Amino acid sequence: MGISVRYEGAVAVVSIHRPEALNALNRELIDQLDACISEIESRKEVKCVILHGSKNFAAGADIAQMADCDPEGAKAFAFSPVYNRMVQLPVPTIAAMEGYALGGGLELALACDLRICGESAKLGFPEIGLGIMPGAGGTIRAPRLIGGAKAMEMIFTGSSLSAADAERIGLVNRVVSDGDVLTAAMEMAMKIAKKSRAALEVAKHSILAGMEMTSVTEAVAMEAENWSGMFATYDQKEGMHAFLEKRKPSFADR
Ligand code: CAA
């Protein structure tokens with residue numbers, strides 16, 4: 001049982017492994033995810049992160065571990081601080097989902113920037129059937145991604161979506177054949193990893209910061225400031241001159 005990280009070039013692959021419980025996330029796994037995030041943050045060569053659970057992404061938070069919590073105990077059990085750190089990783093992140101992505105598992109996928117799933121994947125928020133609601137970003141991030149009505153339907157009924165329906169409403173970016181999920185995520189990650197980390201960081205920061213802002217005018221001003229600032233980077237000069245000289249750019253990530 002555990003969550004661990006390995007590296008393939010500039011791509012960090014975080015694996016969730018607790019097959020006997022369909023990768024249900026307990027406190028120990030979340031603490032291990034926290035440690036993986038810290039390690040990835042310290043590695044400046046990483047340009048993309050994949051989060052993957054084989055057979056199942058994660059069937060939610062561990063119900064057995066939290067069933068008898070009181071409100072204070074439930075707060076201590078909360079996953080949001082770690083999921084927020086996932087959101088704040090400076091480079092793009094991809095959830096590669098096979099099988100079940102339910103409850104806290106789907107919320108973990110929502111804390112990633114991009115989502116790919118297998119054609120048999122089932123995505124949902126079953127919490128209402130347990131007498132609770134999603135509590136690790138589900139009621140907040142899902143409506144922003146798929147709209148309030150679709151999020152409310154998922155959360156109020158507890159019904160899971162098929163991969164096809166999840167793609168149709170924009171909950172996942174791409175559906176691939178079962179068994180090809182990690183390969184497809186790696187292909188996307190490799191494409192991203194060829195880009196400048198400096199540019200990826202500013203792009204991700206602008207998107208996340210813009211989504212937190214209510215004024216479009218202020219958000220566009222923030223974007224313009226970030227954009228012009230990029231003209232101080234080596235990679236902007238390299239990217240544009242490579243185009244003009246009809247060659248591939250060689251980015252230095254600065
Ligand atoms: N917590 C603890 N154990 C879990 C689990 C979970 N979320 N999901 C599955 N398991 C365990 C089962 O207890 C079972 O263990 P045993 O073999 O020891 O009995 C094992 O995994 C296999 O599960 P099933 O026998 O139930 O497998 P199935 O194929 O019949 O059903 C399933 C699969 C529909 C996913 C079903 O396991 C299920 O409904 N799981 C719970 C899903 C859920 O409610 N998730 C939300 C949790 S609450 C949450 O996440 C709160 C939050 O917002 C943070």
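The model shown is predicted, which means the values in this text are computed figures rather than measured ones.

(A) Structural view of the nonpolar core. L25, V49, F57, M97, L123 and L171 are the most contacted members of the largest nonpolar core, which has 51 residues in total. Here this core gets six residues from one element, more than from any other, and that element is helix 1 (residues 27-42). Once you skip the residues sitting within four places of it in the chain, L171 turns out to touch L110, R115, L123, L145, I146, M154, L161 and A166.

(B) Quick look at the site of the ligand. Near the ligand there are 20 residues, and of these A61, I63, G104, E107 and E127 occur at the shortest range. Here I63 contributes a backbone N or O atom positioned 2.9 Å from a nitrogen atom of the ligand. Within the contact set of the ligand, an oxygen atom lies 2.8 Å away from a side-chain nitrogen or oxygen of E127. For the ligand, the accessible surface in isolation is 980 Å², of which the surrounding protein chains cover 57%. For the shell around the ligand, the elements supplying multiple residues, two or more each, are helix 2 (63-66), strand 5 (100-102) and helix 5 (104-110). Partitioning the shell around the ligand into residue classes produces 12 nonpolar, four polar and four charged.

(C) Spatial organisation of the domain arrangement of the protein. The domain boundaries assigned to the protein delineate domain 1 (2-193) and domain 2 (197-244). In this assembly, 14 residues from domain 1 lie in contact with five residues from domain 2. For the domain 1 and domain 2 pair, buried surface summed over both sides reaches about 770 Å², with 56% attributable to carbon and sulfur atoms. Where domain 1 packs against domain 2, one counts one salt bridge. Measuring nitrogen to oxygen at the nearest pair gives 2.9 Å for the salt bridge that ties K204 to D113. The residue makeup of the side of domain 1 that touches domain 2, split by class, is eight nonpolar, one polar and five charged.

What counts and what doesn't
- Residues numbered from 1 in each chain as written.
- Predicted model: local features only at pLDDT ≥ 70, side-chain atom pairs only at ≥ 80, totals over all residues.
- Heavy atoms only, no water.
- Core = buried A, V, L, I, M, F, W, Y, C linked by side-chain atoms within 4.5 Å.
- Buried < 20%, exposed > 50% of the residue type's maximum accessible area, 1.4 Å probe, protein only.
- Helix = DSSP H or I, 4+ residues; strand = E, 2+ residues; numbered from the N terminus.
- Contact = heavy atoms within 4.5 Å.
- Near = heavy atom within 4 Å.
- Polar contact = N/O pair within 3.5 Å; in protein donor to acceptor, adjacent residues only side chain to side chain.
- Areas by Shrake-Rupley, 256 points an atom, 1.4 Å probe, with all protein chains shown as cover.
- Nonpolar A, V, L, I, M, F, W, Y, C, P; charged D, E, K, R; others polar.
- Domains from an automatic or database assignment.
- Buried area = accessible area lost by both parts, 1.4 Å probe.
- Salt bridge = Lys/Arg side-chain N within 4 Å of Asp/Glu carboxyl O.

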